[in-house]
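Residue-level structure breakdown
Here are the chains, one letter per residue:
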Amino acid sequence: MNTTTATTAPEPTFGGNAGMSSDYLEIRGLTVEFDGFKAVSGVDMTLLQGDLRFLIGPNGAGKTTLIDAITGLVPATGSVNKSGVELIGKKVHKIARLGVGRTFQTASVFEQLTVLQNLDIAAGAGRSATTLLRRRTTVLPAIDEALEITGLAALIDAPAGILAHGQKQWLEIGMLLVQNASVLLLDEPVAGMSTDEREETGNLLRRIGGERTVVVVEHDMDFMRAFATSVTVMAGGKVLSEGTVAEVQADPKVQEVYLGTAAGGEELEKVAVRDEVANVDPEQESTDA
Ligand SMILES: Nc1ncnc2c1ncn2[C@@H]1O[C@H](COP(=O)(O)OP(=O)(O)OP(=O)(O)O)[C@@H](O)[C@H]1O
Ligand SMILES: [Mg+2]
């Protein structure tokens, strides 16, 4: 008998799946203006199903505003086309219903309610508040699946308020899954997480990313390097560079904007130093004197 469950789900790959039936998000000329200031300025970006895209860039680059524009939170011009459907001009709830989900930097779960109740609300199966609050004896298959994928099954009856920081972010991702989101836009999901939680989050993104489009806004370069299949670098509201991790790291334009900020410079340096260390032959390195 089989004791291990084989994972058959596809993993994210660079560029995603460009198959005929695959989902896509095509962003063209996306612009967001605040009182004449262009926080996002003529952004073009194509995201295919199966891509785990990291969106990086210095503070104020326009990353969050880009997500706000895609999800209808701020008015924008240009085009965001999801598998043939134009999102610009649509209301927030309509865009969510079309399968575009996002998380915010601060977890927004209902702390007093249990994990199951949070997922139930996200599934929004048209039940009244009292029905939702009553303990359910059956669990919807989509919720079961989300519990499994996020590893929260054992905490089904725990109030969300007692969850660890990482677990709250996973619950939020679970809530997007039960809403059937095929595009997930995650704004700094691992900020404040421990190293172990980061690792688990990365693996979670891998598990869900094969069949969906996942965009992760992040400042943590180590995390990006470990899990990104592709990277877009923004600066000053525009796309500065795009490609594999290695390609953007080697791009002089990227190095320039990151070196312009102390923290960013350090991050890139750290990555560069680690690359050198990684190139050292481990046999030689462990040779004792
Ligand atoms: N509602 C708003 N009104 C006016 N200006 C805004 C508004 N929201 C954002 N901005 C400005 O737009 C620019 C882009 O901000 P945004 O929050 O998108 O950057 P970010 O790349 O997410 O930065 P961070 O990494 O710090 O989160 C900033 O200069 C910011 O001050
Ligand atoms: Mg931001």
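This section reports on the structure supplied with the text. Quick caveat, the model's predicted, so the values are computed rather than measured.

Rules behind the numbers
- Residues numbered from 1 in each chain as written.
- Chains lettered and ligands numbered in written order.
- Predicted model: local features only at pLDDT ≥ 70, side-chain atom pairs only at ≥ 80, totals over all residues.
- Pairing = 2+ DSSP bridges.
- Helix = DSSP H or I, 4+ residues; strand = E, 2+ residues; numbered from the N terminus.
- Axes fitted to C-alpha atoms, helices over the stretch in contact; angles between N-to-C directions.
- Buried ≥ 20, exposed ≤ 12 C-beta atoms within 10 Å, placed from the backbone.
- Right-handed = clockwise from strand over helix to strand, strands pointing away.
- Contact = placed C-beta atoms within 7 Å.

As a further point, take the sheet that holds strand β9 (residues 230-235). Pairing is mixed across the open sheet formed by six strands, whose spatial order is β6-β7-β8-β3-β9-β10. Across the chains shown, the open sheet's two edge strands, defined by having one partner strand only, are β6 (100-103) and β10 (238-243). Taking the axes of each pair of neighbouring strands and ignoring which way they run, one obtains an average angle of 20 degrees across the sheet. For strand β3 (residues 52-56) and β9, the ladder comprises four bridges, and the chain directions are parallel. For L55, the partnering residue across the bridge sits in β9 and is T232.

Once that is clear, we can look at unusual backbone geometry. Of note in this structure, D35 is not a glycine but carries a positive phi near 50 degrees. Tracing the backbone through its elements, the reader meets D35 in the loop between β1 (24-34) and β2 (37-48). Phi at E188 takes a positive value of approximately 50 degrees, unusual for a residue other than glycine. Inspection of the secondary structure assignment puts E188 in the loop between β7 (183-187) and α7 (195-209). Here E188 falls in the partly exposed class, since 19 other C-beta atoms lie within 10 Å of it.

Now for the pairing of β7. Within β7, four of the five residues are buried, which leaves it mostly tucked inside the rest of the structure. Note: β6 against β7, four bridges, orientation parallel. Residue R102 lies in a different strand from β7, and its bridge partner there is L185. Across five bridges, β7 lies against strand β8 (residues 213-217) in parallel orientation. Each bridged residue has a counterpart across the sheet, and for V183 the counterpart in β8 is T213. Handedness of the β-α-β unit built from β7, α7 and β8 comes out right-handed.

The four strands lie next to each other as β2-β1-β4-β5, forming an open sheet whose pairing is antiparallel. Each having just a single partner strand, β2 and β5 (85-86) make up the two edges of the open sheet. Lying on the sheet, helix α1 (residues 63-70) is in contact with β1, β2 and β4 (77-82); it crosses β2 at an angle near 70 degrees.

Purely spatial values, then, with no claim about function.
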